[in-house]
Each structure stands twice: as structure tokens, then as C-alpha cells.
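Chains, contacts and geometry: an overview
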Amino acid sequence: MLLATAFIWGTAFVAQRKGMEFIGPFTFNGIRSFIGAGVLIPVILFIRNSARGKDPDSPDALISPSSKKNLLQGGLACGVMMFTASSLQQAGMVYTTSGKAGFITALYIVIVPVLGLFIGKRVRPLIVICVAMAVCGLYLLTIKEGFSINRGDLLILACAFFFSLHILVIDHYSPRTNSVALSAIQLLVTGIISVPCIAIFETIDWSAVFDCAVPILYAGVMSCGVAYTMQIIAQKYTEPTIASLLLSLESVFAALAGAVVLGEVLSGRELAGCIIMFIAIILAQLPQRSKTEQ
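This is a predicted model, so every value here is computed, not measured.

A separate point is the overall build of the protein. Looking only at helices and strands, the protein features 13 helices and zero strands. Secondary structure elements of the protein occur, N-terminal to C-terminal, as α-α-α-α-α-α-α-α-α-α-α-α-α. When the 294 residues of the protein are sorted by exposure, 51% land in the buried category. Total accessible area on the protein stands at roughly 14000 Å², and carbon and sulfur atoms take up 69% of it.

Right, let's get into helix α11 (residues 240-247). Among the eight residues of α11, eight are classified as buried, and the element is accordingly described as predominantly covered. What α11 keeps buried is the set P240, T241, I242, A243, S244, L245, L246 and L247.

Okay, helix α13 (residues 268-284) next. With 17 residues, α13 should cover 24 Å at 1.5 Å per step; its first-to-last C-alpha distance of 24 Å lies within 8% of that length. Here α13 has its buried residues at E270, G273, C274, M277, A280, I281 and A284. The buried residues of α13 all sit within an arc of 125 degrees when viewed along its axis, so they share a single face. Along α13, exposed side chains directed more than 90 degrees from the buried face belong to G268, I275 and I282. In this fold, the buried residues of α13 make contact with α6 (125-142), α11 and α12 (250-261).

What follows concerns the nonpolar core. When a protein is soluble and globular, its nonpolar side chains tend to lie buried together. Grouped together as the largest cluster of nonpolar side chains are 64 residues, with contacts concentrated most on F103, Y108, I109, L187, L245 and L249. No other element matches helix α7 (residues 151-173), which puts nine residues into this core. Leave out the neighbours within four places in its chain, and L187 touches S33, G36, A37, L40, M82, C224, G225 and Y228. Core analysis: the next-biggest nonpolar cluster, separate from the first, contains eight residues, I23, A208, V209 and C212 among them.

Together, V110, V114, L117, F118 and I119 make up a nonpolar patch on the protein surface, roughly 520 Å² of accessible area in all. Inspection of the secondary structure assignment puts V110 in helix α5 (residues 108-117).

What follows deals with the packing of aromatic side chains. For any pair of aromatic rings, the description consists of the separation of the ring centres together with the inter-plane angle of the planes. This structure, assessed with the given rule, holds six aromatic pairs. One aromatic cluster is present, built from ring pairs that chain together F7, F253 and F278.

Viewed as axis vectors pointing N to C, helix α1 (residues 2-19) and helix α10 (residues 213-234) meet at an angle of 155 degrees, and their least axial separation amounts to 9 Å. Here α1 lies roughly antiparallel to α10, going by the angle between them. α1 and α10 meet at a crossing whose hand is left-handed. Residues L2, A4, T5, I8, W9, T11, A12, A15, K18 and G19 of α1 touch α10, and the partners they reach there are P215, Y218, M222, S223, V226, A227, Y228, M230, Q231 and A234.

Relative to the helices and strands, Q186 resides in helix α8 (residues 179-201). A polar contact is formed between the side chain of Q186 and the side chain of H166, at a distance of 2.9 Å. If near-sequence neighbours (up to four positions away) are discounted, Q186 is found in contact with G75, C78, G79, M82, H166, Y228 and I232.

The next thing to look at is the confidence of the model for the protein. Residues at a pLDDT of 70 or more form 86% of the protein, whose mean pLDDT is 82. For the protein, per-element mean pLDDT is lowest for helix α4 (residues 98-105), which scores 70, and highest for α8, which scores 92.

Inspection of the secondary structure puts Q73 in helix α3 (residues 65-92). Note: C-alpha distance between Q73 and Y173 (100 residues apart in sequence) is 8.6 Å.

Here V261 is to be found in helix α12. V261 sits 250 residues away from T11 along the chain, and the two C-alpha atoms are 9.1 Å apart.

Examined against the element boundaries, S194 turns out to sit in helix α8. Using a relative accessible area of 1% as the deciding quantity, one classes S194 as buried. One polar contact links the side chain of S194 to the main-chain carbonyl oxygen of T190, over a distance of 2.8 Å. The residues contacting S194, other than those within four sequence positions of it, are F26, G30 and F83.

Scoring rules and cut-offs
Residues numbered from 1 in each chain as written. Predicted model: local features only at pLDDT ≥ 70, side-chain atom pairs only at ≥ 80, totals over all residues. Heavy atoms only, no water. Helix = DSSP H or I, 4+ residues; strand = E, 2+ residues; numbered from the N terminus. Buried < 20%, exposed > 50% of the residue type's maximum accessible area, 1.4 Å probe, protein only. Areas by Shrake-Rupley, 256 points an atom, 1.4 Å probe, with all protein chains shown as cover. Expected span 1.5 Å × (residues − 1). Arc of directions from axis to C-beta. Contact = heavy atoms within 4.5 Å. Core = buried A, V, L, I, M, F, W, Y, C linked by side-chain atoms within 4.5 Å. Patch = residues over 30% accessible without salt bridge, like charges linked within 9 Å, V, L, I, M, F, W, Y side chains within 5 Å. Salt bridge = Lys/Arg side-chain N within 4 Å of Asp/Glu carboxyl O. Phe/Tyr/Trp six-rings, centres within 6.5 Å; stacked < 30°, edge-to-face > 60°. Axes fitted to C-alpha atoms, helices over the stretch in contact; angles between N-to-C directions. Parallel < 35°, antiparallel > 145°, perpendicular 65-115°, else oblique. Left-handed = near helix turned anticlockwise from the far one by under 90°. Polar contact = N/O pair within 3.5 Å; in protein donor to acceptor, adjacent residues only side chain to side chain. pLDDT = per-residue confidence, 0-100.

Shown next, in the form of C-alpha cells:
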């Protein structure tokens, strides 16, 4: 599921790039978030009706007080983290290149295990090696010029920090409530927060919105509705560091999608970066031997 999520997010970069030719970032993110929340409502109703009559404490039933509390708290926290991270990313990209932005954003694969140490989540030595390999692969894939730090890079680094918090918040709340409802609420919160930003910084041109209907629908239905929901479901069964490694493959899929759809050419350096990242992900999936086997 996380691999599929990374694939959808990676290919959605093409849709986002096309959409930004017509409308502003807050408008694009706001509309696609509302679309993502809207397509999940029938799914939530179906799950709720199916769960009715079963265990009242089941998260899918959405009727126990503890489940409702976790759902609202988790949805609000995830929505705020998602909006903050994406907004910082958009602001930072004004001052830096897309390659550097992609590399620094994906540094959540390092930040997640570091933050996890503060909440008692230890990381296997093999995973530390895989994280280091993935960072090297990302650098080869995304950085094509000398690396220096400017104001935009610092904003993108803050974005990576909030994406890391988003992964850890999902890790905390996803086992405690209904995954689809949690995804819908976080998207709704993201869309609601986007509204005043649109009013302040942008002007909606509805003809331009309709002109980019296909990209915004793909980003809304697939990237938001499907991918974010799969992320929440999958993180019920995956430790945060492994999840962040798998999700970082969106950079690889974005490069491959750009080559296939937009005709962009991958250099030998970029292909080497992709290969290193894939090797790191495969190594991270190797099963850990139990103490008895050791």
C-alpha cells in the first residue's frame, strides 16, 4: 500500500505541475483536498453500515466515545500538519530549485527515526544503513548543481519536519480509529484552512479551474482520496521509519513519470540514484531474525 501511495504521489507531481499553469497553489491544494474528502464520504457510509451491529467498540463502527475522540483529534492534527507542510513547501519553492526542494523534503526519512527516538521507537542498525543509502540516492536523483542553503531551503526543511510529524501522528492515531474517516477529516481540515489563504493571497478564476479539471481531479481523487487513505491504513502495520523509506520513493516515481509523460530525460546520475533508493527499500524489507534464531 505504501509503495502504491508513493507511486500515486510521484505521478501526481505531473498533475500538480500542469495544474499550477492555471491556478495558484492554495487554490489547487484547497480544491483537491475538498474533492478527496468528498469521494471518501460514500466509502465511510458503506463501512459504517457494514460495521453496524458488530462490536460497538470497533473503530469501523464510529460510535464508541474513544473512537470519536481519537478520530477528531487525529483528523485535526493530521490536517494541520498536512496544510503547514504543503504551504511551507510551496513558499520555499519560490526561492529554490525543484530538485533541491524534492531532496530536502524527502529528508523526512532521516527526521522520522530521530524524532521517533524521543518517543521510544528504536531503529534497527540495518534500517539506519538503508536510510543513509536512500539519502545518497536522493541526492544523486535530485541535486544537479552545487548545494548551498538559502531562505527557501530553510522553509523546505521546515516542511520536511512537519511531514515527519504527520507520519508520526498517523502512526499514533491510525490503530485507534477508522482509517478512511481519519483521512477524510484531515483532508477536510486542510481544505478549510486553505480557504482564508485563498481569499488573502489569490483570486479564484473558475474558468481556469475548469481548464485544469483533469489534473485537479487526479490530484483530488487519487493523490488525496486514495493515496492518503492507503497511507493511514498501511501505517497500522508498519513502523514509521519503514513507512518513510517507502514513501520517499515518490521522488523516483516522479522522475520516471516526468520521463514517460512529459518527455524528460533521466541522466545516468539520476538513474543511479533511483537504483540505490530501490536497493535501500528492498534491504529495509528483509525480515528481522528473532532472538531465538540468532
